[in-house]
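Read off the chains here:
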Amino acid sequence: MPSATSVQSFTPPKVVGPATKKATRPTNILPRSLIDDAKVETKEAFNPEKHLNYEPPSKIYTMKELGFEGHGISPNAVSEPFPLFTQDAIKQMRSEIFTEEAYEHCQYASTFNKNMIRGLGPARAPFIYDVWHSPEVIAKVSEVAGIEVVPSFDFEIANINISINNGKVEATQSDLDPLGDGLSTVAWHYDSFPFVCVTMLSDCTDMVGGETALRTASGEIKKVRGPAMGTAVILQGRYIEHQALKALGGRERISMVTCFRPKSPLVKDETVLVGVRGISNRSELYTQYTDYRLEILEERIRDQLKKERRRELSKKPFELDQVRNFLTEQKIFIESMLEELIE
């Protein structure tokens with residue numbers, strides 16, 4: 001397991017975020033029908049026995065296969081889509097996403113994505129937050145990720161990407177569409193967080209496309225097939241450049257992205273806020289980011305203190321290089337926070 005205090009062989013990729021610098025509401029209005037169709041007769045509490053439908057993915061591609069051996073926090077790169085939730089679970093999720101309150105307070109737009117709902121919070125979306133804090137769900141995500149992970153923090157639970165099909169696809173080629181097929185729906189990017197779990201909330205029966213395109217170390221493009229309703233894809237997106245390709249056919253393409261970080265405070269955490277600062281309630285984002293980062297720092301200091309006390313009890317000499325390396329790593333960790341917490 002990579003350690004936060006070990007020498008890092010690779011510099012993490014630079015994340016380029018959207019040009020959007022502050023929270024912006026979409027100019028194109030989401031249809032009212034999404035709210036009407038999402039209503040359920042009975043609101044339910046999350047029950048893993050009823051709502052979880054996990055089956056292991058047919059294939060998990062490794063970082064080595066993509067040419068990135070030694071990069072990141074896990075040897076696993078990306079999974080094929082795999083069943084994760086039942087249709088009943090998806091209905092409950094959609095009933096919390098598509099509400100008047102979410103439309104009013106939680107809609108965001110950026111130069112990367114025209115329509116998002118994010119920052120719902122546990123009060124507006126108790127079912128969704130119970131899902132992603134469920135030990136059963138976290139265990140399955142960790143199994144596929146190849147390392148124990150936890151949700152990064154609450155604001156990054158359930159980022160909803162919404163694409164409504166207007167029947168028009170322009171075949172163009174640009175810097176944002178190097179595949180040259182006019183089918184890129186999100187720009188090439190690295191994620192701000194180590195892992196993401198992308199869950200499909202739409203019926204994909206009549207859809208064609210919707211794959212995730214990955215750029216390998218050699219520059220080749222690899223496609224992972226698009227998911228079906230209730231299935232998910234796990235991606236170590238902080239370290240792999242990728243983009244979502246447009247799905248043709250079907251009325252909508254709605255996906256839920258939840259971000260994950262390593263559970264152990266001793267594993268390196270190269271989370272940045274570049275990709276999300278301009279599409280967030282900044283006070284909430286900064287509060288939750290600072291809280292978990294300080295917890296990591298606290299746990300690392302406690303661990304180092306225990307090592308120092310054990311060393312002293314065993315009458316071993318002071319390890320100057322080890323302590324200086326530890327302090328240097330924490331200095332870098334704090335400096336990285338200062339780079340993210342900006343006006």
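All figures in this text were calculated on a predicted structure; none of them were measured in a lab.

The rules we used
- Residues numbered from 1 in each chain as written.
- Predicted model: local features only at pLDDT ≥ 70, side-chain atom pairs only at ≥ 80, totals over all residues.
- Heavy atoms only, no water.
- Salt bridge = Lys/Arg side-chain N within 4 Å of Asp/Glu carboxyl O.
- Helix = DSSP H or I, 4+ residues; strand = E, 2+ residues; numbered from the N terminus.
- Buried < 20%, exposed > 50% of the residue type's maximum accessible area, 1.4 Å probe, protein only.
- Pairing = 2+ DSSP bridges.
- Polar contact = N/O pair within 3.5 Å; in protein donor to acceptor, adjacent residues only side chain to side chain.
- Contact = heavy atoms within 4.5 Å.
- Axes fitted to C-alpha atoms, helices over the stretch in contact; angles between N-to-C directions.
- Core = buried A, V, L, I, M, F, W, Y, C linked by side-chain atoms within 4.5 Å.

(A) Structural detail: the pattern of salt bridges. Across all of its chains, the model carries 17 salt bridges by this definition. Between K50 and E44 there is a salt bridge, with the nearest N and O atoms lying 2.9 Å from each other. Put simply, D269 and R293 hold a salt bridge, and the shortest N to O gap is 3.2 Å. A residue pair is termed long-range when its members are at least 10 positions apart, and D269 in the loop between strand 15 (252-262) and helix 8 (282-313) and R293 in helix 8 qualify at 24 residues. D269 gets classed as buried once you look at its relative accessible area, which sits at 7%. The buried category is assigned to R293, whose relative accessible area is 0%.

(B) Representation of the pairing of strand 10 (residues 212-215) within the structure. As paired elements, strand 10 and strand 11 (residues 221-224) share four bridges and run antiparallel to each other. Among the inter-strand pairings, A213 is bridged to a residue of strand 11, identified as K223. The turn linking strand 10 back onto strand 11 is made up of five residues, and G219 within it adopts a positive phi angle of 95 degrees. Of the strand pairs in this sheet, strand 10 and strand 13 (residues 242-244) are connected by three bridges, and their pairing is antiparallel. Its bridge partner lying in strand 13, T212 is registered against A244.

(C) How the structure looks around the side chain of H51. Structurally, H51 can be placed in helix 2 (residues 48-51). A residue is classified by how much of its surface remains accessible, and H51, at 1% relative accessible area, is buried. A polar contact of 2.8 Å, which involves the side chain of H51, links it to the side chain of E44. In this structure, H51 is in contact with E44, A45, F46, L84, F85, T86, D88, A89 and F127, ignoring residues within four places of it in sequence.

(D) Here's a closer look at the environment of V323. You can see V323 is positioned in helix 9 (residues 320-340). Judged by relative accessible area, V323 falls into the buried class, the value being 14%. Taking C-alpha positions, V323 is 9.0 Å from E308, a pair spaced 15 residues apart along the chain. When neighbours within four sequence positions are excluded, V323 is seen to be in contact with Q304, E308 and F318.

(E) Structural context of the sheet that holds strand 11. Taking strand neighbours across the sheet as the criterion, the three strands line up as 11-10-13 in an open arrangement whose pairing is antiparallel. Only two strands of the sheet have a single neighbouring strand rather than two, namely strand 11 and strand 13. Within the sheet, the average angular offset between the axes of one strand and its neighbour, ignoring direction, is 25 degrees.

(F) Highlighting the nonpolar core. Membership of the largest hydrophobic core comes to 77 residues, with the highest contact counts inside it found for F85, F98, I117, I128 and W132. Considering every element that reaches this core, the biggest residue donor is helix 8, with six residues.

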